[in-house]
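# Notes for the structure review
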Amino acid sequence: MAGHSKWANIQHRKGRQDEKRSASFSKIAKEITVAAKMGGGDPSFNPRLRLAIDKGKGVNMPKDKIDNAIKKGTGELEGVEYVEIRYEGYGIGGAAVIVDCLTDNKTRTVADVRHAFNKYGGNLGTDGCVAFQFRHCGQMLFAPGTDEAALMDAAIEAGADDVLTNDDGSVEVITAASDYMTVRDALAAAGFKAEFGDVTMKAENETQLTGDEALRMQKLIDVLDSLDDVQEVYTSVVLDD
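Note that the structure is a prediction, hence the values are computed from the model and not measured.

### Here we look at the environment of G39
With respect to the secondary-structure elements, G39 resides in helix 2 (residues 26-39). Placed 10 residues apart in sequence, G39 and L49 show a C-alpha to C-alpha distance of 7.6 Å. Not counting residues within four places of it along the chain, the set of residues in contact with G39 comprises F45 and N46.

### Focus on the pattern of salt bridges
In the structure shown here, the tally under the stated rule is 15 salt bridges. Here D198 and K55 are joined by a salt bridge, their closest N and O atoms 3.2 Å apart. Within this pair, whereas D198 is found in strand 7 (residues 196-203), its partner K55 is found in helix 3 (residues 47-58), the two being separated by 143 residues in sequence. Taking the relative accessible area as the measure of exposure, D198 reaches 10% and is therefore buried. Among the residues examined, K55 registers a relative accessible area of 23% and is labelled partly exposed. The salt bridge partner of R184 is D185, with a shortest N-O separation of 3.4 Å. For R184, a relative accessible area of 23% corresponds to the partly exposed category. Each member of the salt-bridge network shares a partner with another, and the members are K30, D104, R108 and D229.

### Observations regarding the sheet that holds strand 6 (residues 171-176)
Sheet architecture is open: 4 strands sit in the order 5-6-4-7, paired in antiparallel fashion. Two strands lie at the open edges of the sheet, namely strand 5 (162-165) and strand 7, each paired on one side alone. This sheet shows a mean twist of 30 degrees between the axes of neighbouring strands, independent of strand direction. Relative to strand 6, strand 5 is paired through 4 bridges, and the arrangement is antiparallel. Following the sheet pairing, L164 is matched in strand 6 by E172. Together, strand 4 (134-142), strand 5 and strand 6 form the strand contacts of helix 6 (residues 148-158), whose direction differs from that of strand 6 by roughly 5 degrees.

### Considerations on helix 7 (residues 180-189)
Buried residues of helix 7: Y180, M181, V183 and L187, and no others. Around the axis of helix 7, the buried residues are gathered within 165 degrees of arc, so they sit on the same side. Among the exposed residues of helix 7, those oriented more than 90 degrees off its buried face are T182 and A189. Elements that come into contact with the buried residues of helix 7 comprise helix 3, strand 4, helix 6, strand 6 and strand 7. Backbone geometry just downstream of helix 7 places G191 in the positive-phi region, at approximately 100 degrees.

About the cut-offs
Residues numbered from 1 in each chain as written. Predicted model: local features only at pLDDT ≥ 70, side-chain atom pairs only at ≥ 80, totals over all residues. Heavy atoms only, no water. Helix = DSSP H or I, 4+ residues; strand = E, 2+ residues; numbered from the N terminus. Contact = heavy atoms within 4.5 Å. Salt bridge = Lys/Arg side-chain N within 4 Å of Asp/Glu carboxyl O. Buried < 20%, exposed > 50% of the residue type's maximum accessible area, 1.4 Å probe, protein only. Pairing = 2+ DSSP bridges. Axes fitted to C-alpha atoms, helices over the stretch in contact; angles between N-to-C directions. Arc of directions from axis to C-beta.

Listed below in structure tokens is the structure:
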């Protein structure tokens, strides 16, 4: 991880995501609806729904909006039928990009995603062209200064897959995607609260960009993330100042 700050990079990314989420609840509502449709409306038995609800609460999403989104998923309220679709491509400097969408119109969505890639210096690729470069997992990041040994013991006890110490002193805990909520709650109970955590697509190898290339890549990510049908944008890029 030499040459950049994992802590600063993830904090920067999280801050930009939170700004967008607090401006609009529609993306989280979609995720809640789809999660409820797939796994039922009880978050106690549906980890994906519980995670989506946590995201909503994290940006002060009103309870009635959360409840209505769940009811749309379970069929208690009429709602739009969403389809999950993933696009893969390349950004500046060949950085790998995954774009996860929920849409009721695939034609519109692929046109919007392709336009963003083309206009801002990327290339939309074929299915599977970059997914192999990512790991679907749970990821938690703990601030520099965290007691690494104690965290490692607690994480292993909780069932985590790995504990990584970055050059900037921050500590990452990696879990299986399905174990994320269980491990997160166990660590919180042991006194370790992650500054950032999510089920994500974690790049196995990172592409470091600086200067103008970093600015262009950030613009591409922001434009993709601003599309109504886009839920998450994952990339192998590390944007250094």
